[in-house]
Amino acid sequence: MSDNRQSLADLGKLTGAEAPAEEKPAETAPAETAVTPEAEAAPAPERPERRESRGDDHRGSRDRDRDEADENKDGVATQGPQIQAILREQQLDKQGRAYATGRRKDAVARVWLKPGTGKIVVNGRDQEVYFARPTLRLVINQVFDVTERRGQFDVVARVKGGGLSGQAGAVRHGISQALSRYEPGLRTTVKREGFLTRDPRVVERKKYGRAKARRSFQFSKR
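Below you will find a few notes about this structure. Bear in mind that the values here come from a model prediction, so they are computed numbers and not experimental data.

### Details of the nonpolar core
Here comes step 1: Core analysis: the biggest nonpolar cluster contains 29 residues, and Leu113, Phe144 and Ile175 have the highest contact counts within it.
Here comes step 2: Those elements that provide at least two residues to this core are strand E1 (98-104), strand E2 (107-115), strand E3 (120-122), helix H5 (134-140), helix H6 (142-147), strand E5 (153-160) and helix H7 (164-182).
Here comes step 3: Dropping the residues within four chain positions of it, Ile175 is found in contact with Val111, Leu113, Ile140, Val143, Phe144 and Val155.

### Looking at the packing of aromatic side chains
Here comes step 1: Counting across every chain of the model gives four aromatic pairs.
Here comes step 2: Considering the side-chain rings of Phe144 and Phe153, the 6.5 Å spacing of their centres and the 10 degrees angle between planes classify their relative orientation as stacked.
Here comes step 3: Phe144 sits in the buried class, given a relative accessible area of 2%.
Here comes step 4: Within the aromatic cluster, the residues linked to one another by ring pairs are Phe144, Phe153 and Tyr182.

### Overview of H7
Here comes step 1: With 19 residues, H7 should reach 27 Å at 1.5 Å per residue; the first-to-last C-alpha distance of 27 Å fits that figure.
Here comes step 2: Judged by how many residues are buried, H7 sits mostly within the fold: 15 of 19 residues are covered.

### Concerning the pattern of salt bridges
Here comes step 1: Tallied over the full model, the rule gives seven salt bridges.
Here comes step 2: For the salt bridge of Arg149 with Glu183, the shortest nitrogen-to-oxygen distance reads 3.1 Å. Here Glu183 lies in the loop between H7 and helix H8 (187-192) and Arg149 lies in the loop between H6 and E5, a separation of 34 residues in the sequence.
Here comes step 3: The residue Arg201 makes a salt bridge to Asp199 at a minimum N-O spacing of 2.8 Å.

Reading the values: the criteria
- Residues numbered from 1 in each chain as written.
- Predicted model: local features only at pLDDT ≥ 70, side-chain atom pairs only at ≥ 80, totals over all residues.
- Heavy atoms only, no water.
- Core = buried A, V, L, I, M, F, W, Y, C linked by side-chain atoms within 4.5 Å.
- Buried < 20%, exposed > 50% of the residue type's maximum accessible area, 1.4 Å probe, protein only.
- Helix = DSSP H or I, 4+ residues; strand = E, 2+ residues; numbered from the N terminus.
- Contact = heavy atoms within 4.5 Å.
- Phe/Tyr/Trp six-rings, centres within 6.5 Å; stacked < 30°, edge-to-face > 60°.
- Expected span 1.5 Å × (residues − 1).
- Salt bridge = Lys/Arg side-chain N within 4 Å of Asp/Glu carboxyl O.

What follows is the structure, given as structure tokens:
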């Protein structure tokens, strides 16, 4: 085999032709992708948004409920039947008067109310005579001022117990109750001012070992 190769080489030298070189496998270069201007200008594909967590879902539902509640406050009609305020019936006696009982501290007042000219009689005397202090008369007429009914009703009251301040509060409480029974539509206005609520404040009882409810005896060192 070696002799044949040598002879071929000698023959090539004589003829001036070179021996054929051994062919090497061509190396494949990595193909480079040509980037066109249109591809560069095209926006990158958007990534799919991540799904909100469960806490965000709950927060979103709370926000929606709050928005619906705000809409309901603005007067927008909501689904389902609307609940209307129940209007109380008028409570009158055989003489067409509204009767009620008022209390304040130790005073108890029985009050009769009927349409009139605004005259108020307490224990058979006019209010200016029985309650000489203007502040006490102001307390009695607070209900009529709030409801804009000054001078439209006559009041007859019988009150006992307590002092003048407690009796004035009892008469006001009784007038408030009687007016709400004569005109049930005014109950909301009177209740909003707190005139229908019985004032629970009373004098604190005296304790043994003390001069009064909390007053201690004078301390003597000797």
